[in-house]
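# What the coordinates show
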Amino acid sequence: MENPKMKELRAKSMRLPLVPGVYIMKNGKGEVIYIGKAKVLKNRVSQYFGSQNNHSTKVRRMVENVRDFDYILCGSEFEALILECSLIKQNMPKYNILLKDDKGYRYVKITNEEWRRIKYVKQKQEEDAKYIGPYLSGFVVSESVDAALKIFKLPDCNRTFPSTGPNVRPCLRYYIGQCSAPCCGKISLEDYNAAVDEAIEFLKGEVKRGGTKEYVELLEVRMEHYAENLEFERAAEMRDRINAIRRMSEKQKVILTGSDTEDVFSLAREDDRICFNVLRINDGRLSSSETYFTELDESLENTRAEMLKRYYTVHGDVPSKIILDGPAADDELIEQWLTEMAGKKCRLVVPQKGRQLELSQMSKNNAYEKLAQTHKRSKADTAVIELGELLGLSSPPEFIESYDISHTAGADAVGGMVVFKNGVPYKDSYRKFTIKEAVGGDDYGSMEEVLDRRFSHYFKDLEELKEKADAEGKDLEELLENAKGFARLPDLILMDGGLGQVHSAQKILRKYDLDIPIFGMVKDSKHRTRAIAHDGGEISISQARKVFALVTGIQDEVHRYAIGFHHQKHSKGARKSVLTDIPGIGPKKSEILWKEFKTLDAIKRADIADLAAVPGISNADAVNIKKVLHYN
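A short tour of the structure in this document, coming up. In this text, all values refer to a predicted model and were calculated from it rather than measured experimentally.

### Overview of the overall build of the protein
- Along the protein, the regular secondary structure elements total 21 helices and 20 strands.
- Considering the protein as a whole, with its 632 residues, one finds that 47% of them fall into the buried category.
- Look at the contacts in the protein between residues 6 or more apart in sequence, and 62% of them connect residues 24 or more apart.
- Carbon and sulfur atoms make up 49% of the accessible area of the protein, which amounts to about 31900 Å² in all.

Here you go:
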């Protein structure tokens, strides 16, 4: 739908000054639907109201709904960034990234009753209860509440307190030191509520970065104070709480050595849909894993930048190091903004190797897993999406073709073509090629011959499908979607080999004026898949677990298929040569004998009369066969 006010909006944007500022897009009701910042207002805003071809789906939808815009001039781009974040937080515009996670907000609930309870809840339910939050990470809240109940020996059951009756007994948690058993009167109301207050104090620190460490230090001061005042029972209580907190911390997954504190951002993309995963690491331990869904904002660089700004506007808890899986737009401005917010130097890092790259890949795997779950996709689908992003394709490659050449010292050369559809073998479209023109083990020439025949068949098969569509009144796209073999072009070609094979394939594609992405699959010295080759060098896939498994599977399958066909031809040729070396037995008589007796052993066991009884085999032939095979 074209915006009826496009010309008017473009004219207005062309009158904007060439200075930094913030622009505010509004719909027909005057509602703010998007807020952005610009280094040069005129240049940035006018881009929205020009050609829509280069915009993402999200931006095009936003532009369709814009009926007016306001702007605020700023002294610098950095001032514009700060104002942008503040205005977005106030207005929550529809088309800005608003951190909609896969679960929603979470709260710590403290009930309003005589014996108060602490619970983890997904939303506010009771008006008279008290809540701590909201928090974006359900993982942190649930783990923290569970830890608090155990450390402070608070109940997690639905019993009433105190229970009455002669048969009321404490549950197992009391006997293992994780509950004070208020149901049985094992603790007074005063001491119970004091423990609840302590637990609340603990939770307020626990859900913040570094909270556990700070709280332990506070308990150690209290323990020393009680010990100095000879309050040994209270000191022992503090000691037990400290030990309990440390035991809980030790159960967390240790992923770093030392005391690293950092956040890791990675994204998974399917078309314009984006899933972000954020790993929060505190003192070398994974403290939370959060997932958010959004849409592509013009580019991946812009989307990362928007995500960072929205995330830390909400959280405000900035580490000294933030690991990204790729570049972010305005990275220097964002670093400056985060540094001022944190009161300490903050760096954005895009790792190329080592521990930080492993963390980034762990986060990316989580993002792809969540994206797959929302679409109920299989692991193979997820790997295809990840492969498409890794290779810089515009969309995931639904159909992947792979080729390999096999021969023995140049003899019996064959080619194999395998097809993977949505990440799994599509055997109905596998094809075999006998090399007819290339000779002497010329792998490059053989590959060119195979691809030349493959794509010449494509144009013939396509014409046949067009005629079928016209004759039967069917949709050509639907016929192509279900076509097998040569009639459908692949979305990606993977060659078993390096750049030499890639260049051979590119030569044939240029001949037929076809634009299909081509990459090579490179193996190491131990014949294991190592990387993907392209004109710019090699792309390592060792860290991308799902992509590595997919590419390895494709390479192994095309090699198996090609070498299997080669062995079949080679053994067939070998068995024919055994007979054709016999005087008087040519290819035609050899074929008759194989068809009659099936195996070489059966031919050897046959006597002269049996051999001569075969149509086309004379008595002289039978004598020669028996004489030669008797000594072989």
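From this point, things continue past the structure.
### As for the pairing of strand 17 (residues 492-496)
- Extensive coverage of strand 17 is indicated by the burial of five of its five residues.
- Because side chains alternate across strand 17, one face comprises the buried residues Leu492, Leu494 and Asp496, and the other comprises Ile493 and Met495, equally buried.
- The pairing of strand 17 with strand 18 (residues 518-523) spans four bridges and is parallel. By the bridge assignment for strand 18, leucine 494 is matched with phenylalanine 519.
- In terms of handedness, the path from strand 17 via helix 16 (residues 499-511) over to strand 18 forms a crossover that is right-handed.

### Some points on the pattern of salt bridges
- Tallying each qualifying case throughout the model produces 27 salt bridges.
- In this structure, the salt-bridge partner of glutamate 84 is lysine 309, at a minimum N-O distance of 2.9 Å. Taken together, the positions of glutamate 84 in helix 4 (residues 77-91) and lysine 309 in helix 10 (residues 300-315) put the pair 225 residues apart, joining distant regions of the chain.
- Classification of glutamate 84 as buried rests on a relative accessible area of 1%.
- Ionic pairing is found between aspartate 325 and arginine 304, a salt bridge with its closest N-O pair at 2.8 Å. With aspartate 325 in the loop between strand 11 (321-324) and helix 11 (331-342) and arginine 304 in helix 10, the pair connects residues that are 21 residues apart, well separated along the chain.
- By relative accessible area, aspartate 325 is classed as buried at 18%.
- A cluster of three or more residues bridged by salt bridges with shared partners is formed by Glu84, Glu306, Lys309 and Arg310.

### A short note on unusual backbone geometry
- For leucine 230, which is not glycine, the phi torsion reads 60 degrees and is therefore positive.
- Residue placement: leucine 230 occurs in the loop between helix 8 (211-228) and helix 9 (232-251).
- Despite not being glycine, aspartate 330 has its phi angle at roughly 55 degrees, a positive value.
- The topology assignment puts aspartate 330 in the loop between strand 11 and helix 11.
- Of the residues examined, aspartate 330 reaches a relative accessible area of 28% and is grouped as partly exposed.

### Quick notes on the sheet that holds strand 1 (residues 21-26)
- Read across the sheet, three strands follow the order 2-1-3 without closing on themselves; strand pairing throughout is antiparallel. Of all strands in the sheet, those with a lone pairing partner are strand 2 (32-38) and strand 3 (68-73), marking the two edges. Averaged over all adjacent pairs, the angle separating strand axes in this sheet is 20 degrees, with direction ignored.
- In this structure, strand 1 lies alongside strand 3, joined through six bridges in antiparallel fashion. Note that in strand 3 the partner of glycine 21 across the bridge is leucine 73.

### Quick notes on helix 1 (residues 6-14)
- Listed as buried for helix 1 are Met6, Leu9 and Ser13. With its buried residues spanning 65 degrees around the axis, helix 1 presents them on a single face. Those residues of helix 1 that are exposed and aimed more than 90 degrees away from the buried face are Lys7 and Glu8.
- Turning to helix 1, the residues buried within the fold contact helix 2 (41-48), helix 3 (57-65) and strand 3.

### Let's talk about the side chain of serine 363
- By the element assignment, serine 363 lies in helix 12 (residues 354-374).
- Judged by its relative accessible area of 0%, serine 363 is buried.
- A polar side-chain atom of serine 363 sits 2.9 Å from a polar atom in the side chain of asparagine 277.
- For serine 363, the residues in contact, after removing those within four places along its chain, are Val264, Phe265, Ser266, Asn277, Val278 and Leu279.

### Focus on the packing of aromatic side chains
- This structure, assessed with the given rule, holds 16 aromatic pairs.
- Seen in terms of ring centroids, tyrosine 292 and tyrosine 311 are 6.0 Å apart; in terms of plane orientation they differ by 75 degrees. Their pairing is edge-to-face. Here tyrosine 311 lies in helix 10 and tyrosine 292 lies in strand 10 (residues 285-295), a separation of 19 residues in the sequence.
- On the accessibility criterion, tyrosine 292 (2% relative accessible area) is buried.
- Relative to tyrosine 312, the ring of tyrosine 311 lies with its centre 5.0 Å away and its plane at 80 degrees, an arrangement referred to as edge-to-face. One exposure class covers both tyrosine 311 and tyrosine 312, and it is buried.
- An aromatic cluster is defined as three or more aromatic residues linked by ring pairs; in this entry it consists of Tyr23, Tyr34, Tyr48, Phe49 and Phe69.
- Looking at lysine 421, its charged tip hangs above the ring of tyrosine 426, at a distance of 5.2 Å from the centre.
- A cation over a ring is seen here: arginine 431 above phenylalanine 486, with NZ or CZ 5.7 Å from the ring centre.

### Looking at the state of the cysteines
- The full count for this structure, using the stated rule, is zero disulfides.
- The closest cysteine sulfur to the non-disulfide-bonded cysteine 171 is located on cysteine 179, 5.2 Å from its own sulfur.
- Its relative accessible area of 29% is what places cysteine 171 among the partly exposed residues.
- Unpaired in this structure, cysteine 183 has its nearest cysteine sulfur neighbour in cysteine 184, at a distance of 3.6 Å.

### Structural notes on the packing of helix 10 against helix 11
- Running from N to C, helix 10 and helix 11 cross one another at 10 degrees; their axes reach a closest spacing of 11 Å. The angle between the axes of helix 10 and helix 11 places the two elements in the roughly parallel class. Counting all contacts with helix 10, which are made through Ala305, Leu308, Lys309, Tyr312 and Thr313, the residues of helix 11 involved are Ile334, Trp337, Leu338 and Met341.
- For the contact of helix 10 with helix 11, the class distribution of residues is seven nonpolar, one polar and one charged.

### Thoughts on the packing of helix 1 against helix 2
- Orientation of helix 1 relative to helix 2, taken along the N-to-C sense of each, is 170 degrees, at an axis distance of 8 Å. Taken together, the axes of helix 1 and helix 2 are roughly antiparallel relative to one another. Where helix 1 approaches helix 2, its residues Arg10, Ser13 and Met14 are matched on the opposing element by Lys42, Val45 and Ser46.
- Here the contact of helix 1 with helix 2 is composed, by residue class, of two nonpolar, two polar and two charged.

### A short note on helix 4
- Taking 1.5 Å per residue as the helical rise, helix 4 with its 15 residues ought to reach 21 Å, and the 21 Å between its terminal C-alpha atoms agrees with that figure.
- Taken together, the buried positions of helix 4 are Glu77, Phe78, Ala80, Leu81, Glu84, Cys85, Leu87 and Ile88.
- The inward-facing, buried residues of helix 4 contact strand 1, strand 2, strand 3, helix 10 and helix 11.
- Phi turns positive, to about 45 degrees, at methionine 92, one or two residues after helix 4.

Conventions and cut-offs
Per chain, residue numbering runs from 1 following the sequence as it is written. Where local features are concerned, this predicted model is filtered to residues with pLDDT of at least 70; where side-chain atom pairs are given and counted, the filter is 80 or more; whole-chain, interface and lining totals use all residues. Each side-chain value is worked out from all heavy atoms of the structure, with water and hydrogens disregarded. In this description a helix means any DSSP run of H or I spanning at least four residues, a strand means any run of E spanning at least two, and both kinds are numbered starting from the N terminus. When accessible area is computed with a 1.4 Å probe and restricted to protein chains, residues below 20% of their type maximum are described as buried, those above 50% as exposed, and intermediate ones as partly exposed. Contact definition: two residues touch when any of their heavy atoms are within 4.5 Å. For the accessible areas, the method is Shrake-Rupley and the probe is 1.4 Å, while residue cover comes only from the protein chains on display. Paired strands, as defined in this entry, are two strands with at least two bridges between them according to DSSP. Consider the strands pointing away from the viewer: the crossover is right-handed when the path from the first strand over the helix to the second runs clockwise. Any carboxyl oxygen of Asp or Glu that lies within 4 Å of a side-chain nitrogen of Lys or Arg is treated as forming a salt bridge with it. Note on definitions: angles span 0 to 180 degrees between N-to-C directions of axes, and those axes are lines fitted to C-alpha atoms, for helices only across the stretch in contact. Directions pointing from the helix axis toward each C-beta atom define the arc. Side-chain atoms alone can form a polar contact between residues adjacent in sequence; in general such a contact is a pair of N or O atoms within 3.5 Å, and within protein one must be able to donate a hydrogen while the other accepts it. Classification of ring pairs uses Phe, Tyr and Trp, with its six-membered ring standing for Trp, and accepts pairs whose centres are within 6.5 Å; under 30 degrees between planes counts as stacked, over 60 as edge-to-face, and the remaining range as tilted. Over a ring means this: the NZ of a Lys or the CZ of an Arg is within 6 Å of the ring centre and within 35 degrees of the ring normal. Pairs of cysteine sulfur atoms within 2.5 Å are what we label disulfides. An angle counts as roughly parallel when it lies under 35 degrees, as roughly antiparallel when it exceeds 145, as roughly perpendicular when it falls between 65 and 115, and as oblique in every other case. Residue classes follow a fixed rule: Ala, Val, Leu, Ile, Met, Phe, Trp, Tyr, Cys and Pro count as nonpolar, while Asp, Glu, Lys and Arg count as charged, and any other residue, Gly among them, counts as polar. A helix is expected to span 1.5 Å for every residue after the first.

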